[in-house]
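An overview of the molecular structure
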Amino acid sequence: MRGALVRTVAVLVASASLLIGGALPAQAVAASTPAQPATGKTWFGPDLDWGSDAPDGYEGRLGATPSSYGVEIDYPIDRSAERELLRSTRAAATQGATLVVSLEPDVSLRSLTTADARHANELLQEIHRQYDTKVLVRFAPQMNGTWVRWGQQPTQFVAAFRTLAAQVHAGSSDAAMVWSPSYGAGYPFGESAGRLQDLSATDVSKLDTNGDGQLTAADDPYEPYWPGDASVDWVGLSMYYFGKGKATEAAGRDVPLTTNDVPESGEVQARFDETWGYEQSQSRGDFYDRFAVGHDRPMLLDTGALYDHSLKGAAELDVKQGWWRQVFTALEDRPLIRGVTFLETNRREPEAGNRVADWRDTAVPGIAGSFRTDLQATDRFVFGPVTERVTPQDGNAATNQQLDTGGDQMAWIVWCAVGLAIVFLLSGVFGRLLPSWRYPDDGGPGRDLRLDLFRGFIILAVVITHIEIGGPYSYITLHAVGAITGAEMFVFLSGMVLGMTYPLAIKKFGEWVAAVGAWKRARKQYLVTLVVIAVVFALSFVPFLNTDAITTFTDRGTGTGGVGAEGRVYDLYPNAMQLLAYPPPWYAIRQFLLLEMGPWPFNIMGLFVVLSLFIPPLLWVIRRGFWWAVLLVSWALYVFQALVPGFQPLNSQFESVFPLLTWQVVFTHGLVLGYYRRQIVGALTGRLGKVLVGIGICGYAGFLVYVWAANHLGFTPVPFPASMYDDLYNTAYQRVDLQWGRLVDIAFFAIVSYAILTVFWKPIAAAIGWLWIPIGQASLYVFVWQVFFALAIASIPGVDWGNAWIGFATHSALILLAWYMVRKKFLFSVIPR
C-alpha cells in the first residue's frame, strides 16, 4: 500500500510525499522448460477432475510431485473455458509441472473456424510468456470413438486439427500438438454408444480402409484420422482398463461388468502389440511402431484402471496395481513414450452399468503409497518440478512492486527529508508567533484528533493507490516513491491508538473484561476477513464483474524480477474452486481459514487480525512497567526474521508482503508510545527534548544531503564508501524487511507530522478535518470497503481510466462516498472500524 494525496494545505503536501512507498519483489521468470524429458525418461501425472480436485490435493495424496497435469477444456475457448485454462495453468505452475490440455469441441467440427484456433493460440502464447510452461495440446482426443461428439468424422477432424496446428506452429507458444486416438480394439465401437448415422460419403470412403464397402473391425482404427507429419508434434493413445479381465469382453463391446477382475497377465503388452481384444488380427503393425517410431514422434499415453466399488471381486489395489505395473513394464522397451497421464477421477461409465466408477490411484492412502513406490522404483519417470515453480507465495509477494522504472528514488527520499526538516524548524517559529493555531490539548485522556486526522489521510491514500486509475491523486501515489509507505504508518498508528484507548477500557470494565472485548474484536476482524474473501470469490461467478482485477495480480515489471517478469499473472485464490466440492478438501479449507487466499488490496488485514490477538497480553505486560521487555522481545523477533527471512509461522497471504515477525516491531512500538504518550510528548517538548529532537532531525536530513552531494559532485562521503548513495536504497529502505532507513523514517515522519499538526492544527482541521477525522476514526471500515470500490471501478468497461480528469472525478467521488458511509454509520454493526 503506497499513498499520498494532493492537499490544499502546502505543509501537508510535503508530509504526504513520504507516505509513498515501494513494493515487494516479484518472482523471476521461470527457467526454460524442456521440449520433452531427457532421453530414457518420461513425464507423468494425473488427468484430474478439476472441479473437485487440484494439484495441491494430488501432490499431498501421492506424497510426491508429478511432472505433468492433464485438464479438459471446451473448444472453442469462451470466457469460462479461458478462465478454467488459466486457472489450471497457474495451479500446475505452482509445482513446476507441464500441462496436457485436451481441447474438446462442444460444437460441430464443421463450425470450428480459424478465428477459434487463433484465439486458442493467443492463450497458449500468453501461458508460455508468463510461465514458460510446456503445453501438450490434445485436440479432440479419442476421435476414432463413437462416445464423443466429434468421433468418427475423419474429414472434419483432420481439417480442424490442421487449422489449429497451423496457428500454434506459427505462434510463439512452443506448444506441441498431440494426435491421440483411442486404442482400437472393438473398433468401430458400434455397440458402445450407437454408431453415428450421418456419416458423409467422403467419411465412409475414408473409414472403409479395406475397400469392402463396409465399416467393420477389419478397417484401420487409426489411419483415417491422421492429420499428417506437418501438423503432429506428438502422437498419443488412450488405453484404459475397464475392469473386464478377458479379451473377449473388451471395452467397446456391450458386455456388462459384473465383477472386479485383475488384468490378465500380459494384457498391456498385448494391447501395444495390437492383439488384445480385436475380432480380427491386425496386419498393419502396432500403434507405437507405426506412428511413434514410423513418424519419429514422442508419444503420450493416457491410461488408468477402472474399479466399481459396488461389485465384488478382486481388491482395488490388486486391480489397479496389476494394471499400472504392466504399463510400467511395457515402457521399458518403448523409449519414445515420453509422457503418461493417469486418469484420476470418479465418473459414470457405460461399462459399469452407468454407475460411478473409480479411476483414482491416490484416493486411498495405501494404494497411493504403493503407486508412489512403484513409480519411484521404475526409474523411468521424471518427478517435478521440471521448471521453476511459480508458487502462491510468489504471487503474494508480487502484489507489492518495489522498483520504480524511472526517477531517482533516493533523491526523492533526500529532499522530502530536507523539506520536512525545514518545516519542522519553521513550526517552532510559527508556534511562538501564532499560538492560537495550536492543537487545544488539555492533557487529559481520550482520543487524539491529530492521530485520527492523520489516519484518515493515510487510509485515503490507500484507497487511491488500490483503485488503479489515472489522475492527479494517483500520479503522486504511483510515481513519487518515498521513504515510507502508508502501510507502515497504518500499522504504527493503529498500535498507538490502541495503546491510548485500551487502558481506558481497562479502567472502565476491568482487565479481564477489556481483554475479552479485545479478543472479540479480533474475532470480528477475522470473520469479516473471511466474509470479504468469500464474497469476492462468489462475485467471480457474476459475468459482468471483473474480479480478476483483485483476485489475480499482474506483475508491472517493477519487482525484483524486473521487466522480464512484466505481464505475469498470479492467482491469489489458490484452490478456491475446491471449496465448492462436496465435501471440500481439507487443504482448500485450510488455505481459506489461514487466509492463504484473498484479494490483493486486502492482504494486510490478516496482519491486523493476528496482531489484535496479542493486544491484551502485551498491554498486561506494559501496564506493569515491563515495556522494555516487550520491546526487547520485539527486536529479538525482528532480528530473527532478518536472519531467517524465509521463515513464515502462518504462511498466510500477508506473510509474503508484511512478514509478521518483522512488522510487529512497528505495532509494538506504537503500543508502547501510545500507552506512554503523555510522558513521551512531555519529554520531547521540554528544553532538552527539543534540542535532541532538532539535532536528530537535522542530522538525519544532513546525512542524506551529504551522501547525495557526494554522489552528484563526485567526492567520497568519508567515512562512508563512494558507493554509499547508490547502495543506500537497496540496503536501508526496502519495505518488506523494514530496513533501518525505513524504521528511522517512521520515527522521523511521526515526530515531524505530529509537530506540524500540533502547531498548525486549527487551519488544517478547518480545511480538511471534516473529511479526514471521521474517516480516520473508521479507517478499518474504509479499508474493508475499498476492496469493493476497486472491484466496481475495474468492472466498468469502455472508460478511459488513464484520463486525468476522469481519474480525479472518480477518486473524489469515492472519497466522498466513503465519508458519507462513515457519517451514516452504514453497516457499522457488522464491519469493524
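Reading the values: rules and limits
- Residues numbered from 1 in each chain as written.
- Predicted model: local features only at pLDDT ≥ 70, side-chain atom pairs only at ≥ 80, totals over all residues.
- Heavy atoms only, no water.
- Helix = DSSP H or I, 4+ residues; strand = E, 2+ residues; numbered from the N terminus.
- Buried < 20%, exposed > 50% of the residue type's maximum accessible area, 1.4 Å probe, protein only.
- Areas by Shrake-Rupley, 256 points an atom, 1.4 Å probe, with all protein chains shown as cover.
- Lys, Arg positive; Asp, Glu negative; His and termini not counted.
- Charge placed at Lys NZ, Arg CZ, Asp CG, Glu CD.
- Patch = residues over 30% accessible without salt bridge, like charges linked within 9 Å, V, L, I, M, F, W, Y side chains within 5 Å.
- Salt bridge = Lys/Arg side-chain N within 4 Å of Asp/Glu carboxyl O.
- Axes fitted to C-alpha atoms, helices over the stretch in contact; angles between N-to-C directions.
- Parallel < 35°, antiparallel > 145°, perpendicular 65-115°, else oblique.
- Contact = heavy atoms within 4.5 Å.
- Nonpolar A, V, L, I, M, F, W, Y, C, P; charged D, E, K, R; others polar.
- Pairing = 2+ DSSP bridges.
- Right-handed = clockwise from strand over helix to strand, strands pointing away.
- Disulfide = S-S within 2.5 Å.
- Phe/Tyr/Trp six-rings, centres within 6.5 Å; stacked < 30°, edge-to-face > 60°.
- Arc of directions from axis to C-beta.
- Polar contact = N/O pair within 3.5 Å; in protein donor to acceptor, adjacent residues only side chain to side chain.
- pLDDT = per-residue confidence, 0-100.
- Expected span 1.5 Å × (residues − 1).
- Bend = angle between axes of the 7 residues up to and from the residue.

**Let's talk about the overall build of the chain**
From N to C terminus, the chain includes 30 helices and 13 strands. If you line up the chain on its principal axes, its C-alpha atoms span 110 × 55 × 55 Å. Residues classed as buried in the chain amount to 58% of the 833 residues present. Of the roughly 32,700 Å² of accessible surface on the chain, 61% is carried by carbon and sulfur atoms. Positive and negative charge centroids in the chain, built from 63 and 73 side chains respectively, lie 16 Å apart.

**Side note on a nonpolar patch on the surface**
Residues I422, L426, V429, F430, L433 and W437 make up a contiguous nonpolar surface patch of roughly 550 Å² in combined accessible area. For L433, a relative accessible area of 61% gives the class exposed.

**Focus on the packing of helix 13 (residues 409-433) against helix 26 (residues 724-732)**
Taken N-terminus to C-terminus, the directions of helix 13 and helix 26 make an angle of 90°; their axes are 9 Å apart at the nearest point. By the angle class used here, helix 13 and helix 26 are roughly perpendicular. Contact residues: helix 13 offers Q409, M410, A411, I413 and V414, while helix 26 offers Y725, L728 and Y729. Looking at the contact of helix 13 with helix 26 residue by residue, the class counts come to 7 nonpolar, 1 polar and no charged.

**A few points about the pairing of strand 2 (residues 68-75)**
The buried fraction of strand 2 is high, at 6 of 8 residues. Of the strand pairs in this sheet, strand 2 and strand 3 (residues 98-105) are connected by 8 bridges, and their pairing is parallel. Directly across from I73, in strand 3, lies its bridge partner L103. Chirality of the crossover, the property in question, places the unit of strand 2, helix 3 (residues 79-93) and strand 3 among those that are right-handed.

**Some remarks on the pattern of salt bridges**
Scanning the model with the defined rule gives 25 salt bridges in all. With its nearest N and O atoms 3.0 Å apart, the salt bridge here joins E511 to R624. Taken together, the residues E511 in helix 17 (residues 511-539) and R624 in the loop between helix 21 (615-623) and helix 22 (627-643) connect sequence positions 113 residues apart. Overall, E511 belongs to the partly exposed group, its relative accessible area being 25%.

**Quick look at the side chain of S182**
Mapping S182 onto the fold places it in the loop between strand 5 (176-179) and helix 6 (190-193). Overall, S182 belongs to the buried group, its relative accessible area being 8%. When residues no more than four places from it in sequence are discounted, the contact partners of S182 are Q142, N144, W147, Y222, L237 and S238.

**Things to note about the state of the cysteines**
Each disulfide is one covalent bond, formed between the sulfur atoms of two cysteines. For the structure shown, the criterion picks out 0 disulfides. Not part of a disulfide, C416 finds its nearest cysteine sulfur in C698, a span of 16 Å. Classification of C416 as buried rests on a relative accessible area of 10%.

**Re the packing of aromatic side chains**
Taken as a whole and judged by the stated rule, the model has 58 aromatic pairs. Measuring from ring centre to ring centre gives 4.8 Å for W324 and F371, while their planes differ by 55°; the resulting arrangement is tilted. Of this pair, W324 sits in helix 10 (residues 316-331) while F371 sits in helix 11 (residues 365-378), placing them 47 residues apart in sequence. Ring geometry for Y473 and F808: centres 5.4 Å apart, planes at 45°, overall tilted. Linking Y473 in helix 15 (residues 472-479) with F808 in helix 30 (residues 804-823), this pair joins segments that are 335 residues apart in sequence.

**Remarks on helix 26**
Among the residues of helix 26, those classed as buried are M724, Y725, L728, Y729 and A732. For helix 26, the arc enclosing every buried residue in end-on projection is 135°, short of the 170-degree limit, so these residues lie on one face. Buried-residue contacts for helix 26 involve helix 13, helix 25 (687-713) and helix 27 (740-759).

**Structural notes on the environment of W770**
One can find W770 in helix 28 (residues 761-777). Taking the C-alpha atoms as reference points, W770 and L453, separated by 317 residues in sequence, lie 9.1 Å from one another. Once you skip the residues sitting within four places of it in the chain, W770 turns out to touch A765, L816 and W819. Within polar-contact distance, the side chain of W770 engages the backbone oxygen of A767 at 3.0 Å.

**A look at unusual backbone geometry**
In this structure, P188 follows Y187 across a cis peptide bond, with omega equal to 10°. Mapped onto the fold, P188 is located in the loop between strand 5 and helix 6. Of note, the amide linkage connecting G384 to P385 takes the cis form, showing an omega dihedral of 0°. Tracing the chain through its elements places P385 in the loop between strand 11 (381-382) and helix 12 (392-398). Located in the positive-phi region is N354, a residue other than glycine, with phi close to 65°. Structurally, N354 can be placed in the loop between strand 9 (346-349) and strand 10 (355-358). Note on N354: relative accessible area 47%, which makes it partly exposed.

**Quick look at the pairing of strand 3**
Judged by how many residues are buried, strand 3 sits mostly within the fold: 7 of 8 residues are covered. With 5 bridges connecting them, strand 3 and strand 4 (residues 135-139) associate as parallel partners. Opposite V100, over in strand 4, you have L136 as the bridge partner. In the classification by handedness, the crossover that spans strand 3, the intervening helix 4 (residues 114-131) and the parallel strand 4 is right-handed.

**Here we look at the confidence of the model for the chain**
Looking at the chain as a whole, the pLDDT averages 87, with 90% of positions reaching at least 70. Counting contacts from residues 1-31, a segment whose pLDDT is below 50, to residues more than four positions away or on other chains yields 150 contacts. Here residues 191-195 is modelled with pLDDT under 50, and outside its nearest four sequence neighbours on either side it reaches 12 contacts, counting other chains as well.

**Details of helix 28**
The end-to-end C-alpha distance of helix 28 is 17 Å, clearly below the 24 Å that 17 residues give at a rise of 1.5 Å each. At G769, helix 28 shows its largest kink, close to 80°. Every buried residue belonging to helix 28 is among W761, I764, A765, I768, G769, L771, W772, I773, P774, I775 and G776, and all of these are buried.

**Some points on the environment of V100**
Inspection of the secondary structure puts V100 in strand 3. Classification of V100 by relative accessible area gives buried; the value is 3%. Counting along the chain gives 299 residues from V100 to T399, while the straight-line C-alpha distance between them is 29 Å. Among residues more than four places away in sequence, those in contact with V100 are S68, Y69, G70, V71, L136, R138, L300 and T341.

**Section: the environment of L164**
Mapped onto the elements of the fold, L164 is located in helix 5 (residues 154-170). Spatially, the C-alpha atom of L164 lies 17 Å from that of Q153, the residues being 11 residues apart in sequence. For L164, the residues in contact, after removing those within four places along its chain, are Y75, L103, A117, A120, V137, F139 and M177.

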